Structure formats: structure tokens, C-alpha cells
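# Secondary and tertiary structure notes
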Amino acid sequence: MPRSYAEEVAFIRQLGPVKYEVSPGFVPGMHVPGTFYVNDALKGLLFEELQQAVVRGDHGGFLPAVKQLANVAALPGIVKRSIALPDVHSGYGFAIGNVAAFDMDNPEAVVSPGGVGFDINCGVRLLRTNLTEAEVGPVREQLAQALFDHIPVGVGSQGIIPTTAKDMESALELGMDWSLREGYAWAEDKEHCEEYGRMLNADPRYVSSRAKKRGLPQMGTLGAGNHYAEVQVVDEVYDAVAARRMGIDTPGQVVVMIHSGSRGLGHQVATDALVAMERAMARDGIITNDRQLACARINSEEGQAYLKAMSCAANYAWVNRSSMTFLARQAFAKIFKSTPDDLDMHVVYDVSHNIAKVEQHCVDGQHRRLLVHRKGSTRAFPPHHPLIPADYQLIGQPVLVGGTMGTSSYVLTGTEQGFTETFGSTCHGAGRARSRNNSRNKLDYQDVLDNLKAKGIAIRVASPKLVMEEAPESYKDVSEVVDTCHQAGISKKAVKLRPIAVIKG
Amino acid sequence: MAALLNLNLRALKYPQVPVDLADADQLRKLVIWLENLKIREYKIVDRKGLADTASPGWDAAFAKYLKDLDCPVPPGDQRAAVEWLVGFAVNLDYEDNADKMKAPEAAGKANPASAGASSSAASTSATSQPGKSSKADEGAFSDLDDPQVAAAVLQLIRAAQVPWCGGGEGGDQADVVSAMQAAAERLACQVGPAQRPGVWRPEGPAAQCLAEVPLGFEVQGEALSSAAKVLRLLYIRDLRRLQSQIDHAVVDMQEYTANPKTDSSLGKVGR
């Protein structure tokens, strides 16, 4: 007998102004409760989604995010709670915007490719400049074109950095160290990058040749989907000390944001792993509530193979963002007839919002080694954490939250409260409010482009018809998302950025 | 120390700065140069032992020379002895030329600017003008008695172009202190803002700056909070130094390995 909407909602309890808990029992076999963070403006979407699913019954359609959150709480070896951030929306297996940590010392604990996502190490990088909006404004169109010429975009795009199969092997193993060795990155770039731009357990032997083949020509390309490169300006500074530390404290100062991932390579790694894990689940008798939650024990052959391949894909994504940084620096140098050095084009930070990492956390007063899955969630470590760069020890790790095309982006910093509550994680972006198909049907791409033009934003798009999938109207309001995280205390607002030029797939 | 040594030698107009004291030949040549031109302890005929820098007997001659000068450095450490010798030479040179030295913008007044140059002058005159000098100032700058420090301080004050005339009686520590404060202010106003953003903070004394440092976690009481901040700042400074060394190493490596290439004909924009 299916439950009514009222019966479903009875499992959800409000813990604070923006914090809700989903009690065990909401779906079968929950080991821990689920927690989600939404404010009043955002909670409507989540509850509506649940209501529609109840009306629809078990027949077809996607699972609502709240159900997905609870299904993850039923996976073997999960600790403390399954966490959804304000930008949460339905994804493959895990909701996008879900954080889940599994105990490394529990032999039953699992790793799941669905908890990382298909675009492994999709992330955001921010470069600062010493230019102002007044200097860039008049050459905005030329600059957008120069970036478009240097950083190929779109489905099937190919990069302008010559890469051999041998380069590729090294890049998968070495991550940003490869970029450094070959001279595409600056020494300082590495220190301002999560994991210093290299996952040490990467082993290219675990990456299929098909995946490598897909990745080879795409090095230094942005890709399609929600990926973009934006020229932005500092719009508002909330935390002067943090902003000054990051060197982005002057309103009107120009910065460059690059949002990209591991392209076809990461997608293939995830697909390969899902096939292997279905076999492992049958063998080890792992039962999940959702077929999409394919997983394997962390210490099983399949689990280890996935983690090693995932690390390669993560390294590829960092190399990719480093290559694009190199190309963006060239484009700026060309337009402003200067050098990237003189333009002070340093990497402020580089975050990853689709990744699983082994981290140390304190759970119920005990020191634990956890495999933290962050899918559509950004690591946000607090001040003084040993894994954040020397420069940011006092202010906490910078968190880069990309808005949607044409809307604001934010720079946040990690907090102590976030470290204890959410395994040091916060939101990653706006989060979808409409599915891709839904937006394609309801929005006209010309309106979307005109709208951006009206705001004075220069735009270069490879495939305009895909633009409406990514239109601001398809997404939640990023400001509401960021404010909710700020109010919950899991991250702190530092700077707001506003786009003036967009390059998109 | 090497930096101060070379600074002093430059002030003495030694022709071969920088000097590497680890090189016995350079060290010996410096010693005879100092004796010939600056110290002149011996008559010219007696300088032979020191002048013959290739002789195996040089070390013995140098040891005797130090003894004759009443050098306080224990015998055996030639390097420390030479450092002392240079400081001694600066002192002598200063005493000889103090009358000719004037503060740059106070040239018209022609006051002898010999503050802090000789230890006796500095300590006596500091007490002779109690109106200008507080006890705290004296404590803070007690090593002005050291001629090496005095020379470095003077150099700094001159570099900052602070208008300054030394005390009328040939040296006033309080004046040096106020001149240094003026120099610091000048540096703060003119050099500071040129620093990278985030590095330079113009406002306020140390305590105020410390209050603005975010600690990032809660501790009870202001004193404990300040102490925690200071400890963290010291640690971060060390960490930053280490990171910079790593960055330098990476840059050195890139000299050999880096060869970035682009080929725009490969580029293909997708659909």
C-alpha cells in the first residue's frame, strides 16, 4: 500500500530555520537519517517534487531528490547522515547536491560512481586580474572572441594543445604536475588548487583505452552542457579580510571563471565502472533501493579499480583546467598587449564539485577515515585545516560557486561549523529547477540570448539551441542557495561576481 | 650577517663587494686592505706579515694582529674576527669623517651627525637630554651602542630620506629613535601601497591589526585569542616560507622541462 503525501511528509522534521531531517523509515533500510538545507524560497521545489511522485505512484518518472537522499542513507557503511545542500536536484542514483561519507575501516562500506557523477572532477577555477571593468568594457567583444578562439567549446570540440598518447598517460598519472612540467601552469597555480591538482592514487592502467581515446583530442576544451568560461567583475564584497587575502577585494576588478570537467574521459570511466559494479553487487550480495545506486565494497577489486580510474579522470580535469588557464592567459595577453604576469593573472582557487576523497573527520567524538562522496557539492574546509593552502589558512578554503549563464557567481569560505555538520561541504551552484527537456520545450533560445545582450553581456555560444537548457530560468536562484548555506553556517559569503562576457558550449 | 657585512664594506668603499669570507684568499686581501686604508694599526714596514697573503705564516700574523687590536673574538674563528674587524673599521671611519657627514635635507645647519656612532657618545647624550627620550625608547634601542647597528640604522634613515640632524652634542639616541619612527612612517606611506593587495595593510598599530585577524574558531578571553592568533600567524609564516621554497624549486625545474606549445589548426569548435 503506497503512502499518501501526508504520510510521507510525516517523516520530515524541521530542525532549524533552514535545516530539515528525514527520519529512518522514509525508505527501507536507512542506516542513518538524511538532512537537507533549504530556505523557504527553495523548499517549495523539493516538496512539490515529492508530492508529484506520490501522485504518479511507482510508475515511471525520476525519483524525487528527497527519496534519492534517503536511498543513499540506506547504503552499507554510510556514517552520520546523508546530506543534501540547497541546490539539490535529482541525478543518477545520488541526487546532485548530495554528500555521503563511508567508513574506510568498515569492510562492508561501499564506493559508488553515482555518488561522484559522470563528469568526474567537474569543478570551478577562478583567475584574478588587475584590470578593471572600465578597461575591459570597451574590448569586451574582442576579448570574448579571443577566448572563444583559444578555448574550443561544444560537443565534439578539439583543443589547440598538441597532445600525444604518451602525454595523456603522464597527465592521467601526474595531474597538474604534468602541466607544471610541460610549462602550461605556474608554480603558484598548484598550491591554490584542491589536492594540489593531483590525486596520488591515480593509476592509468585502470582507465580503459576507450576512455583515453575519448579524452585525447579534448585536452584544453571546455565541453558543452553547463560548462562555461566567464569574464566577471567583482560586484560586492561581504568579507573584506577574506577578499583581500584572495586578492579580489576591489569592486569592478575583472576575474575569469572557468567551469569544466573531465569531458568524455570521465564519462567513460564512470560508465565502465557501473558495468563492473553490477557484477560485484551480485557476487557480494549488496542490495540497494535503486538500481542506479550501483556500488562496490571499497576494498574490493572493482572498488579499488574505480577509485584509481576516478583519480585519473580527476587529474585529467585538473590538467584540462590548467590548459584552459594557460589559454585564457594567452588570450588576455593578446588583447591587452601585456603579459599574464603583469596582468597578475593568478589562480585564486580551483575547486572540485564531483569527486570522492579519503578524508579524516571526527564522528561522534571519534577520529575516522572516511571516503567522502561529493556530487554537486564543494569541499569547504575551515580555517587552519592542514589541507588548505598557506595563503588561506586564516580565512578558510575558498569555495567557488558558479551561477548560471548570465547570473551572479559567488566566492565563499569554509567554516568550522560546516566541517562538523556536513563533512566540510557546501553548495556548488544554482541547481536545476527544471529538467533539461522541460526547459527545451518551454523556453525560446532567442529570448535567452536577447536577455543576456540586454544585460550588456558579450556571449559566444557553439550551439545556441542548447542554450535554453542552461538558461537562468531553468535553474534555482543561486543567491538563495548561497544565502541558505550562509544562514546555516556551513559556509560564509565573501565576494559576489557578475559576468560581462560568457563563452559556452 | 653576510648582508650587513657587505653593506658595511660598501659604505667603506671596498672595491670588491660582495666578499665571500669562506674564500681564504678574499678574506686575507680584505684584512690587508682594511689595515692599509682604514685601521692603520701598524707602521707600513710592520704590515709585511699581513700583506703577504700567500704566505703560510699569514694566519699567525693575523692572530697577532687581532691580539694587538684587543679583538674580543676568541682566537680561531677567522670569519667572526673579520666581521668584527669590519665593524671596527666602520667605527674608525665614522669618527674620522663625522664632521663631514650631514643629514641630506639639513645640510644648511651643518650639525655633526654622529649619533650612535661611538658608544660612549650615544649613551651619555641620551641621558643628557631626558626631555626627548623615554626609558622605553632607550630599552628598545639598546643595541645602538653597537657600531654595526648604528651604521645600518644610519643607512636606513638616509635611504628613507628623513630630514634629520643629529643631537647637538654629537649623538642623541632619542633623535635616532624619532628619526627611525619617521623613516618607518615614510616607508609605510610610500613603499607599502606598492605591495600586492592582501599583503599590505596601511592602518593601525600591531594590536589593532591583530584584532582584525580572523581566528576562525572560538576561544575564551581576548588574551587567549590574541595568543592563539600570534601562534597561528607564526606557523603560517613558516608554512608560507616552505611553500615559497617549493615554488622556487618547481620554477627551477621548469627551466629544463617546460616547453608549452599550441597549434591553432588543431582546434575544432563543436556544435
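Just so it is clear, the model here is predicted, and its values are computed rather than measured.

Criteria and thresholds
Just so you know, the residues in each chain are numbered from 1, in the order the chain's sequence is written. For naming, the first written chain is A and the first written ligand is 1, with later ones following in the order written. Only residues with pLDDT of at least 70 get local features here, since the model is predicted, and only at 80 or more are side-chain atom pairs given and counted; chain-wide, interface and lining totals rely on the full set of residues. Excluded from the side-chain calculation are hydrogens and water; included are all heavy atoms of the structure. Two strands pair under a simple rule: DSSP has to find at least two bridges between them. Only runs of H or I of at least four residues qualify as helices and only runs of E of at least two qualify as strands under DSSP, and these elements are numbered from the N terminus. Comment: axis = line fitted to C-alpha atoms, over the contacting stretch for helices; angle = value between 0 and 180 degrees taken between N-to-C directions. Note on contacts: a residue pair qualifies if any of its non-hydrogen atoms lie within 4.5 Å across the two residues. Each domain's limits were defined by an automated method or a database of domain assignments. Each residue after the first adds 1.5 Å to the expected span of a helix. In this scheme, a residue with accessible area under 20% of its type's maximum is buried, one over 50% is exposed, and one in between is partly exposed, where area comes from a 1.4 Å probe on protein chains only. Polar contacts, as used here, are pairs of N or O atoms within 3.5 Å; protein pairs need one atom able to donate a hydrogen and one able to accept it. Residues neighboring in sequence count only if both atoms are side-chain atoms. As used here, the arc belongs to the directions running from the helix axis to the C-beta atoms. Once two parts are put together, the accessible area they lose, assessed with a 1.4 Å probe and summed over both, is termed the buried area. The salt bridge criterion pairs a side-chain nitrogen of Lys or Arg with a carboxyl oxygen of Asp or Glu, the two atoms within 4 Å.

## With respect to the sheet that holds strand β2 (residues 19-22) of chain A
Residues and elements named next belong to chain A. In spatial order, the strands read β1-β2-β3-β4-β5-β13-β12; together these seven strands make up an open sheet with mixed pairing. Where the open sheet ends on each side, the last strands, each with one partner, are β1 (12-16) and β12 (354-363). Taking the axes of each pair of neighbouring strands and ignoring which way they run, one obtains an average angle of 25° across the sheet. Pairing of β2 with strand β3 (residues 34-37) involves four bridges; the strand directions are antiparallel. Within β3, the residue paired with E21 across the bridge is T35. Docked against the sheet, helix α3 (residues 65-73) engages β1, β2, β3, β4 (82-89) and β5 (96-103), running at close to 155° with respect to β4.

## Focus on the domain arrangement of chain B
You can read the domains of chain B as domain 1 (1-98) and domain 2 (219-254). In this structure, domain 1 of chain B and domain 2 of chain B have C-alpha centres spaced 40 Å apart.

## Re helix α11 (residues 222-257) of chain B
An ideal rise of 1.5 Å per residue puts 52 Å on 36 residues; α11(B) measures up with 51 Å between its terminal C-alpha atoms. Within the sequence span of α11(B), burial applies to B:S225, B:A228, B:K229, B:R232, B:I236, B:Q243, B:D247, B:V250 and B:Q254.

## Details of the environment of A:H373
Residue and element names in this part refer to chain A. For H373, the location among the structural elements is in strand β13 (residues 366-375). With residues up to four places along the chain from it excluded, the contact list for H373 reads N98, V99, A100, F102, V110, V111, S112, G115, V116, I355 and A356. Of note is the side chain of H373, whose polar atom sits 3.1 Å from the backbone nitrogen of S112.

## Here we look at helix α4 (residues 58-68) of chain B
Helical geometry note: an α-helix holds 3.6 residues per turn, so side chains three or four residues apart project in the same direction. Residues and elements named next belong to chain B. Taken residue by residue, α4 has W58, A61, F62, Y65 and L66 as its buried positions. Angularly, the buried residues of α4 cover 135° about the axis, an arc narrow enough to put them on a single face. Opposite the packed face of α4, turned more than 90 degrees from it, sit the exposed residues A60 and K67. For α4, the elements touching its buried residues are α2 (24-39), α3 (48-51) and α5 (78-97).

## Comments concerning the domain arrangement of chain A
Residue and element names in this part refer to chain A. Taken domain by domain, chain A consists of domain 1 (5-104) and domain 2 (122-504). Relative placement of domain 1 and domain 2: their C-alpha centres are 25 Å apart. Taken together, the contact between domain 1 and domain 2 spans 41 residues of the former and 44 residues of the latter. Counting the surface lost from both domain 1 and domain 2, the interface buries some 3600 Å², and carbon and sulfur atoms represent 63% of this. Contact with domain 2 buries surface across domain 1, with D87, Y92 and M104 losing the most and accounting together for 20% of the total. Inspection of the domain 1/domain 2 interface yields two salt bridges. Across the pair D103 and R368 runs a salt bridge whose closest N-O atoms are separated by 3.1 Å. Across the contact surface, domain 1 and domain 2 share 20 residue pairs in polar contact (both at pLDDT 80 or more). Among the secondary structure elements, those contributing two or more residues to the side of domain 1 that touches domain 2 are α2 (40-56), α3, β4 and β5. Top contributing element to the side of domain 1 that touches domain 2 by residue count: β5, with eight residues.

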